[in-house]
Amino acid sequence: GVREGPSNDAATPSLPLEILVLPPPHVGKPTLSHSSSTSTSASEFELQSNHLRNANNNNITSANNKSQSPSSTPNPKRRQQPQGQGGNHDLAKSGAIMQCTAGWDWVPSHVPDRNTGIWDRVEVEWVWGDVKLDDVYVRVLNVTAATIGDELQDENGHVEFEDKEEEERLPLGDDVVVSAWLDLSVTATYHGSRDHDNNAFPIRGSIEYVIKHHQKSGDKRKEHTTSPSSSSSPPKSLILTNGTIHNITIATSVSIMHLGQIYLPRAKLWWPHTHGSQPLYSVELTFRSLDGKSDDAVDGNNNNPTPAIHESTTQSTFGIRTISSFTHPKTKSFALKVNGHPVFLQGGNWITTDLFLRYSNSPKRYLQELQLLRNVGFNSLRVWGGGIAETTYFYEAADQLGLLIYQEFWMTGDNNGRFAGDYDWPLDHEAYLHNVWDTVKRLRNHPSLAWYGGGNELFPIADADSGNGSGGVSPPSDIEAGIKQVISDIDGTRPYVTSSVMEAGDDESFFDPEKSLGPKDGPYGILDEQLFFDRNPGLKTPVLSDNEIHRGASPSNVKDKDAPGRNIGFQTEVGSVSHPELKSLQRFLSPEAMDSFPDCGETSDRGGSVNEEWSYFKYLPFTESEDIGAVDHICSFLYPPLVNDTSEDGVKSRMKSIEDYTWAAQLAQYFQYKTLFEGYSMKMW
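Residues numbered from 1 in each chain as written. Predicted model: local features only at pLDDT ≥ 70, side-chain atom pairs only at ≥ 80, totals over all residues. Heavy atoms only, no water.

Colleague: I keep staring at the overall build of the chain and nothing clicks. Help me out?
Modeller: Across its full length, the chain holds 10 helices and 21 strands. The contacts of the chain with a sequence gap of at least 6 include a subset with a gap of at least 24, amounting to 73%. Counting only carbon and sulfur atoms, one obtains 49% of the accessible surface of the chain, whose full area is about 33,500 Å². (Helix = DSSP H or I, 4+ residues; strand = E, 2+ residues; numbered from the N terminus. Contact = heavy atoms within 4.5 Å. Areas by Shrake-Rupley, 256 points an atom, 1.4 Å probe, with all protein chains shown as cover.)

Colleague: In this structure, what is going on with the nonpolar core? I would like to understand it.
Modeller: In globular proteins that are soluble, nonpolar side chains generally tend to be buried together. Ranked by internal contacts, the top residues of the largest apolar core, which has 36 residues, are Leu182, Leu184, Leu259, Leu285 and Ile320. Mapped onto this core, the elements with two or more residues apiece are β5 (131-145), β6 (178-190), β7 (203-213), β8 (239-250), β9 (254-267) and β10 (281-289). With seven residues, β6 is the single largest residue contributor to this core. Each residue touching Leu184, except ones within four places of it in the same chain, is listed here: Val136, Tyr137, Val138, Tyr209, Met257, His258, Leu259, Gly260, Ile262, Val283 and Leu285. Counting 32 residues, the second largest nonpolar core, distinct from the first, contains Phe409, Trp410, Leu449 and Ile483. (Core = buried A, V, L, I, M, F, W, Y, C linked by side-chain atoms within 4.5 Å. Buried < 20%, exposed > 50% of the residue type's maximum accessible area, 1.4 Å probe, protein only.)

Colleague: I'm lost on the sheet that holds β7 in this one. Help?
Modeller: Whether parallel or antiparallel, the strands of a sheet pair through hydrogen bonds between backbone atoms. The four strands are arranged β8-β7-β10-β11 in an open sheet whose pairing can be described as antiparallel. Two strands lie at the open edges of the sheet, namely β8 and β11 (311-318), each paired on one side alone. Here the strands of the sheet are splayed against their neighbours by 15° on average, with no regard to which way each runs. In the sheet, β7 pairs with β10 via nine bridges, with the strands oriented antiparallel. Within the sheet, the bridge partner assigned to Ser206 lies in β10 and is Arg288. (Pairing = 2+ DSSP bridges. Axes fitted to C-alpha atoms, helices over the stretch in contact; angles between N-to-C directions.)

Colleague: I would appreciate a short explanation of helix α2 (residues 363-375) in the present structure.
Modeller: Counting along an α-helix, one turn takes 3.6 residues, and residues three or four places apart therefore face a common direction. Its 13 residues give α2 an end-to-end C-alpha distance of 18 Å, which sits within 8% of 18 Å, the value for a rise of 1.5 Å per residue. The complete set of buried residues in α2 reads Tyr366, Leu370 and Leu373. Buried residues of α2, seen end-on, are gathered within an arc of 50° and therefore sit on one face of the element. Opposite the packed face of α2, turned more than 90 degrees from it, sit the exposed residues Lys364, Leu372 and Asn375. Of the surrounding elements, those touching the buried residues of α2 are β15 (347-350), β16 (380-383) and α3 (392-401). (Expected span 1.5 Å × (residues − 1). Arc of directions from axis to C-beta.)

Colleague: For this particular structure, what's the right way to read the pattern of salt bridges?
Modeller: When the charged atoms of two side chains lie near each other, side chains of opposite charge can form a pair. This model, assessed by the stated rule, comprises 24 salt bridges. Between Lys441 and Asp438 there is a salt bridge; the shortest N-O distance is 4.0 Å. Of this pair, Lys441 and Asp438 both sit in helix α4 (residues 429-443), separated by three residues, roughly a single helical turn. Residue classification places Lys441 among the partly exposed residues on the basis of a relative accessible area of 22%. One salt bridge connects Asp605 with Arg606, and the closest N-O pair in it is separated by 3.9 Å. Taken together, the shared-partner salt bridges in this structure form one network comprising Arg418, Glu503, Lys520 and Asp546. (Salt bridge = Lys/Arg side-chain N within 4 Å of Asp/Glu carboxyl O.)

Colleague: Before we go on, may I ask you to explain the sheet that holds strand β19 (residues 496-497) in this structure?
Modeller: With parallel pairing, the five strands of this open sheet are ordered in space as β15-β16-β17-β18-β19. Only two strands of the sheet have a single partner each, and these edge strands are β15 and β19. Strand direction decides the pairing type here: strand β17 (residues 404-408) and strand β18 (residues 449-453), joined by four bridges, are parallel. Its bridge partner lying in β18, Gln407 is registered against Tyr452.

Colleague: Honestly, the packing of aromatic side chains in this entry has me stumped. Any pointers?
Modeller: The geometry of two aromatic rings is summed up by the distance between their centres and the angle between their planes. On inspection of all chains with the given rule, the structure shows 23 aromatic pairs. Relative to Trp451, the ring of Phe334 lies with its centre 4.8 Å away and its plane at 40°, an arrangement referred to as tilted. Taken as a pair, Phe334 in strand β13 (residues 334-338) and Trp451 in strand β18 lie far apart in primary sequence, 117 residues in all. Like Trp451, Phe334 is buried. Note on Phe409 and Tyr452: the rings are 5.9 Å apart at their centroids and 10° apart in plane angle, and the pair reads as stacked. Pair noted here: Phe409 is in the loop between β17 and α4 and Tyr452 is in strand β18, with a separation of 43 residues, a long-range link. Pair check on accessibility: Phe409 and Tyr452 agree, each one buried. Among the aromatic side chains, those forming a connected cluster through ring pairs are Phe334, Tyr406, Trp451 and Phe570. Arg121 extends its terminal NZ or CZ atom over the ring of Tyr393, reaching a point 5.1 Å from the ring centre. In this structure, Lys337 packs its charged tip against the face of Phe326, placed 5.1 Å from the ring centre. (Phe/Tyr/Trp six-rings, centres within 6.5 Å; stacked < 30°, edge-to-face > 60°. Lys NZ or Arg CZ within 6 Å of the ring centre and 35° of its normal.)

Colleague: Teacher, can you tell me more about unusual backbone geometry here?
Modeller: Of all residues except glycine, most have a negative phi; of all peptide bonds, most are trans. The amide bond that connects Trp425 to the next residue, Pro426, takes the cis arrangement and shows omega of 10°. Cis geometry marks the peptide bond from Ser474 to Pro475; its omega dihedral reads -5°. The residue His89 is not glycine, and still its phi comes out positive at about 80°. By the element assignment, His89 lies in the loop between β4 (79-81) and β5. Although it is not a glycine, Lys618 adopts a positive phi angle of roughly 70°. Relative to the elements of secondary structure, Lys618 occurs in the loop between α9 (612-616) and α10 (658-682). Given a relative accessible area of 23%, Lys618 falls into the partly exposed group.

Colleague: Looking at this model, I keep getting lost on the state of the cysteines. Mind explaining?
Modeller: Considering all chains together, one arrives at one disulfide under this definition. Each disulfide pairs two cysteine sulfurs, and for Cys600 the partner residue is Cys635, the sulfurs being separated by 1.9 Å. Looking along the S-S bond of the Cys600-Cys635 disulfide, the torsion reads about -85°, which is the left-handed sense. Of this pair, Cys600 sits in the loop between α8 (591-595) and α9 while Cys635 is found in the loop between α9 and α10, placing the two residues 35 residues apart along the sequence. Here Cys600 falls in the buried class, since its relative accessible area comes to 1%. For Cys635, a relative accessible area of 2% translates into the label buried. (Disulfide = S-S within 2.5 Å.)

Colleague: What am I meant to see in the packing of α2 against α3 here?
Modeller: The relative placement of two packed helices is expressed as an angle between their axes plus a distance between the axes. Across the interface, α2 lies against α3 with an axial gap of 9 Å and an inter-helix angle of 40°. By the criterion of interaxial angle, the relationship of α2 to α3 is oblique. The way α2 lies across α3 gives a crossing that is right-handed. For the pair α2 and α3, contact is made by Pro363, Tyr366, Leu367, Leu370, Gln371 and Arg374 and by Tyr393, Phe394, Ala397, Ala398, Gln400 and Leu401, respectively. Here the contact of α2 with α3 is built from residues that sort into nine nonpolar, two polar and one charged. (Parallel < 35°, antiparallel > 145°, perpendicular 65-115°, else oblique. Left-handed = near helix turned anticlockwise from the far one by under 90°. Nonpolar A, V, L, I, M, F, W, Y, C, P; charged D, E, K, R; others polar.)

Bear in mind that shape data such as this cannot, by itself, settle questions of function.
Take a look at the structure:
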């Protein structure tokens, strides 16, 4: 914490400035050897952590760069050991950390400092007096259609429903008007004086609230503001409801104040863009102290209210919608309802805008990238657990564009026990849950946030037969219980699912649809387009567990081919090749590498005709595996089509140029993802 000291000039007000920096204390020690024209010796790059404690007992960590290698941009020929899946896995000790900064199977380990330090926005807020309001939360308690066809109403205007499901299903249509009860709460922070027994002198006052139509602003940098009473009031035409809550007393350092329930008589529903529009609303709360006088105290001329000594304003944006999950009777997996309507989710995995988090404070970048995803038909995104809890700008863009977000917390099976690392990581469970608390509190007003996840490819059930022979579970049981408690206490409206996938199997000891979205994910390589229309594209049917595959089991020998854990009803990860456009290639590949594009029929991601730089940047072949025909989806565009790896004279065939190669690759991957979405959509529900 950094706070300005007392001023020597009594007339100069002090400006409290609190900045808390929590970089990762465990950044790992990858050994990087590099080659250059001047030296062939290997140099070592180490990041070590020094642990400090500040006055508020918060962890602060600084990283020392002990590298003797020259400072330069990453050398694509540099060898890194280990690289991928979180490096040596030690990052998971830290908890809320972007694990993929140490590399993954889709990205090199390009971040030597592991994004240590401040990367999100820092704001300075003016506090007028000793009270600060923030973290206003609008919880939608229930929503009722205010306009329903006359044929459903009796003579008293009451509506009869056949069942509870029909009652929860709100009418579709952008012209539908609803009423809603909202539960309003806010956090008040007291910065005032205390007596000799450390008791605060209470500050009494009132809180005014205004709920209005949200207007898009040219500057959306502030999620909330604190300001004196000179702030302008919104036009009356925008206000939906307003009022004053009296008899407010603030006397503790930090308190969550439940202000009661507010009735909103006329509003419109927020929908994913595939179902409707995305109206948003703003709530603004203002605390004003009484300063020992009554609410209607005036000056000696009975004209102007006495100005408050303590005043604070906070605001936030929200949407009116309901959300719930259920196990679909056909897919036997997780499914989602928005406003009572089942929504077929089609989307993709999102990690960050870039590995260095350079654009984490660019609302324009977020809006443009999410707009591209909406344009191709996405109505949902999974924010992957090896990345970050996304920024406010990300969620503001998702709110505006009508995208449903599945936000995972910071765990992966690769580093938290299932495949590597330790089941008990992170080391500090309490600090991890504090980060969960802060994240839920920051994101809970966003209507685009659909549900939370414990992490990527975890193992929430300890069972030796299911391949989890150690008996460990991830997340650790106390963290799992803590996450659920936090969501229940300060959100209370969204589902939580422990893991993205668990494991294939016949019963709940292998796969539980309430703990995991699916039994398996993948595959991730090039496929014959026809396979995307199969029941489990690219995988065996029925799906086998990792342990069964290791034992050489056959799908014909499983007990129950139709068990929930034997077929994928919710696919959290599936992908294919991805070749950048020519201009992008020219930015990170050398001219020599540009000319050394792979031969026709190449089936390996390294060696053979694959240039070393291509391997470093995670090249995937466009040729199907040998057991399904070895069709090269790039060279197939040659005339006549080439599906074999050699020409008639035994010489490897190649595309004519990198331009032709890139053109064919773009077209090939277009067909891959087109048929992927068509195949899954064809089997909708």
